[in-house]
Each structure stands twice: as C-alpha cells, then as structure tokens.
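# What the coordinates show
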Amino acid sequence: MKLRILHIAPNIIRGGIARVSLELTKSLSLLGSEVMLYSPEYINGLNNYIAKYYRARAITNRLRTLSKLFEFSQPLYFSISNRNELMKIINEEKPDIVITHGPYATLRLLLPYNDVPWLIIVHGTYINELRYMRYHPMKYYDKLRYMTSTYTSIIYEKTVYQSLQRKFKNTYWIAVSEQTRKELVNFMKISIGNIFKVLNGVNKDIFKPMNKYKAREILKSKFKINIDDADIILLHVNPGPRKGTHILIKSLQYIKGKIKLLIVGKISRGSYWDYLIGLINDIGKDRVILLGWVDDNDLPILYNSANITVVSSYSEGGPLITPESLACGTPVIATNVGGNAEYLSVADLNDYLINISQYDFSRELAEKIQAMIYDLNSIKINADLIPSWLDIAREYLKIMNDLI
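Here we summarise the structure given alongside this text.

Conventions and cut-offs
Residues numbered from 1 in each chain as written. Predicted model: local features only at pLDDT ≥ 70, side-chain atom pairs only at ≥ 80, totals over all residues. Heavy atoms only, no water. Helix = DSSP H or I, 4+ residues; strand = E, 2+ residues; numbered from the N terminus. Rg over C-alpha atoms; globule rule 2.2 N^0.38 Å. Buried < 20%, exposed > 50% of the residue type's maximum accessible area, 1.4 Å probe, protein only. Contact = heavy atoms within 4.5 Å. Areas by Shrake-Rupley, 256 points an atom, 1.4 Å probe, with all protein chains shown as cover. Lys, Arg positive; Asp, Glu negative; His and termini not counted. Charge placed at Lys NZ, Arg CZ, Asp CG, Glu CD. Salt bridge = Lys/Arg side-chain N within 4 Å of Asp/Glu carboxyl O. Core = buried A, V, L, I, M, F, W, Y, C linked by side-chain atoms within 4.5 Å. Pairing = 2+ DSSP bridges. Patch = residues over 30% accessible without salt bridge, like charges linked within 9 Å, V, L, I, M, F, W, Y side chains within 5 Å. Phe/Tyr/Trp six-rings, centres within 6.5 Å; stacked < 30°, edge-to-face > 60°.

## Observations concerning the overall build of the protein chain
When its secondary structure is counted, the protein chain shows 14 helices and 13 strands. Taking 22 Å as the expected radius of gyration for a compact globule of 404 residues, we find that the protein chain reaches 21 Å, a close match to that expectation. When its C-alpha atoms are laid out on the principal axes, the protein chain stretches across 65 × 45 × 40 Å. In the protein chain, which comprises 404 residues, the share counted as buried stands at 58%. When contacts within the protein chain are restricted to residue pairs at least 6 apart in sequence, long-range pairs at least 24 apart make up 70% of them. Just so you have it, the protein chain exposes about 17900 Å², and 51% of that area is on carbon and sulfur atoms. Side-chain charges of the protein chain comprise 51 positive and 38 negative groups, with the mean position of each set lying 4 Å from the other.

## Re the pattern of salt bridges
For the structure shown, the criterion picks out 20 salt bridges. With a shortest N-O distance of 2.8 Å, glutamate 324 and arginine 19 are connected by a salt bridge. Taken together, the residues glutamate 324 in helix H11 (residues 321–327) and arginine 19 in helix H1 (residues 16–30) connect sequence positions 305 residues apart. Here the two residues glutamate 324 and arginine 19 agree in accessibility, since each one is buried. Several salt bridges converge on common partners, so that one network encompasses Lys2, Arg4, Glu34 and Glu93.

## Notes on the nonpolar core
Of all hydrophobic cores here, the largest spans 70 residues; its most connected members are Leu234, Leu262, Leu302 and Leu365. Of all the elements, helix H9 (residues 271–283) adds the most residues to this core, at six residues. Ignoring sequence-local partners within four residues, the contact set of leucine 365 consists of Ile247, Leu248, Ser251, Val310, Ser312, Ile333 and Ile354. Among the nonpolar cores identified, the runner-up in size contains 23 residues, and Val20, Ile99, Ile121 and Tyr172 belong to it.

## What about the sheet that holds strand E12 (residues 332–335)?
Spatially, the six strands line up as an open sheet ordered E10-E9-E8-E11-E12-E13, and their pairing is parallel. The strands lining the two open edges of the sheet, one partner per strand, are strand E10 (288–292) and strand E13 (353–354). In the sheet, strand E8 (residues 232–237) pairs with strand E9 (residues 259–264) via six bridges, with the strands oriented parallel. For histidine 236, the partnering residue across the bridge sits in E9 and is isoleucine 263.

## Some points on a nonpolar patch on the surface
Together, Tyr140, Tyr141 and Leu144 line one region of the surface with nonpolar side chains, adding up to about 400 Å² of accessible area. For leucine 144, the position within the fold is in helix H5 (residues 140–167). A relative accessible area of 41% places leucine 144 in the partly exposed class.

## Some words on the packing of aromatic side chains
Think of a pair of aromatic rings as described by two things: how far the centres are apart, and how the planes are tilted against each other in angle. Across all of its chains, the model carries nine aromatic pairs by this definition. Summarising the aromatic geometry, the rings of tyrosine 132 and tyrosine 314 are spaced 5.3 Å apart at their centres and angled 40° between planes, so their arrangement reads as tilted. Residue tyrosine 132 is located in the loop between strand E5 (118–122) and H5, and its partner tyrosine 314 is located in the loop between strand E11 (308–311) and H11; the two are separated by 182 residues in the primary sequence. In this structure tyrosine 314 comes out as buried when scored by relative accessible area, which is 0%. Aromatic side chains tyrosine 172 and phenylalanine 196 sit 6.3 Å apart centroid to centroid with 50° between the ring planes, which places their arrangement in the tilted category. In this pair, tyrosine 172 sits in strand E6 (residues 171–175) while phenylalanine 196 sits in strand E7 (residues 195–197), placing the two residues 24 residues apart along the sequence. By relative accessible area, which is 23% here, phenylalanine 196 ends up partly exposed.

Printed below as a string of structure tokens:
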C-alpha cells in the first residue's frame, strides 16, 4: 500500500536526530511512500535536495529561538505556535499517518480529534542517568541546571505520553531499542501493546569500510593533527557528562602503550569543560585530541581512522555512533545502555559490553580497552549484518500498514 506520511521532525540540521529524520524520510520515499517533512528548522535548498532523489518534499517553518534552560520548553513552544498551521496541513494533505519524535507529539494534544494514527519515535528516556547525574563533576549551579533540565524533560514527556494514551486510542510509539521499550512500559506507563521496537539504521553508501592508512592520511591533512601510524586511536563522539567523557579520559591513566584519544564534538564551556581540561593536563596533553565539532560528512573518515570507538554513556536510546562505527568495520566498546547491547550482539562483540555498577567505571573501561587492543587483529566485523536505513524503513512500513 502506497502511504502518504506527514513527518514532523524537530531537528534536520545536525546531530543524531537530524540524521534519523532525513534518512528515514528518504528511505520511506525510496520505497514508494509520499513523505512530507515538516520541521521548525530550515535548510536552504532542502526541497531540491530531497526532490532530486526521492518522492518527498519539505514543509519548513522558521521559529524564534528559545533559551535552552529547560529543554521541554522548545517542543511546547513549537506546538503552540504551529497548531493552526498543522491543522491546515493535515486537512489539505490528508496524510494516512503522522510520524513525529518524542515530546513534539505535544502537537497532537492541541489538535481536534481525528482518525489519523500517530507514530511517536522515542530516542531514549534518559531514565538510566537519574541515579548518576548528581555525581557529575560540575559546579553547583551547572549541576543544578543540568539535573533540573533532565528531570523536567523526563516528567514532561511522561505527562504528554500518558495524556496521549488516554485521549487518542490510535497513538503508538516506536522505541529505538529494547531497553527504551522497557523504560516506556515501566516508567512512562505506556501500554506494551502500543509500543513497537525498531533500531536505528545506517546509510551504508556513506558509512563503509575504507583503507585505514588512507583514512588517517585524510584525517591528518584535513584537521592538521599529529598521529603516528603506530598509534592506537580511540574515538569518542558527542562528548558530555551523559556520555561519560570524563570516565573515558580517566581510564587512560590505566592503559599502557601509544594510545591517543580523539574526542569529536562540541563541549560547552563551563565547570564540566574545566574539569575535562584538568584531567587532560594530568594525563598528558599529547594523549587527548579535542577535535571539536565536525561535519557529519567527515564522520566516516573518523570511524575508519580509529582502531576502537568508545561509547561510555550513562544513558542512551538508539545511539547512531555504535552502528555507524561497526558499519565502517571499526569495533566498539560500549556501556550496556540503550541499543548498544543489540548492536554489539549483531557484531559478535558481547564481551566488550560494560554493565555500569558504580559511577566511576574507569578501571573496568580501561580493562575492556586493553583487552580489545590485544584482540584487534582477530576481530572481524561483518558490516552486512548492521541494518541499513532501507531495512529499517521496511520495518516502519510494515508497522504503519498494519495500523491503517
């Protein structure tokens, strides 16, 4: 059945949700659906970009930027500001189904009842972090703001989801990992019959193995960094307290050999940044490279340059870093949160999964890194087993056809 899908996406510019939104839109279109992408963020030429290859079009709307003091305020503001416009779009376009993400489902609560089913993609609940975030190495004000924002966001989403469940019988959820599905049932109190589990995928035209020597030459040339061929490179993407970046840096003190940690992504200046810099100075500036923000198009070079990707998070949903690295043939060490266990199981890397039993797991992480370094020559990853976005889109279509 050919579907008309309205896809309401909060972010189409950068980051994991942006890649999910665009890749899902393109893949659903490639498989024959008509997809309308609606977002508060605008990319110049997005319509031309999508229409050139796919049966999809963008409906964009520019909104004022709000303070990020409380994350939940942005989807709420977006929903209130765009209620009338969305009603008009639904009435004119007559979609068969609506897909949206997390708290942006607030929009449905503000609309009159209609019989169009909604499918809400939940990228993680961050409940796992609640027990740990009071220990994050941040000064009082920064920690209070961080904890308040995280906790308020979780409660806001729980309130929205439960309200949707009561008001609309045709509202459903996509959990991006089995762990996220359990969190939706046990904490958010969503009926298990209304939740489907679909992992995130990988664009295998972009994320694929390449010659490591060539990748490193490109890396050194493009980013002007000094790396020897003999260096063991650990890659860490999207740093921050939730990602356990400080734990990974601390683990280096227990690891011997020519190890260099490459940290990719922006870290906001503040007490957490100051703490990381102090750790790096203690461990040795030559062992850690802060690359900062890079374009998504450069990620395949980074994955292929690295020997190991480390995902040391306290909480995740369906992290793209893990499957993207595996699709490039680079093994991953990860904490047992979100979809990490499922991806590592597919790659036969279960032994490199870390169960967090205490806040500071740097020694255990160091042991896993040392073990993987020792085993590097024997680790072979079958990238074909990692799901592509077309594979994932087929799962979405099966779910949607069953719901309509």
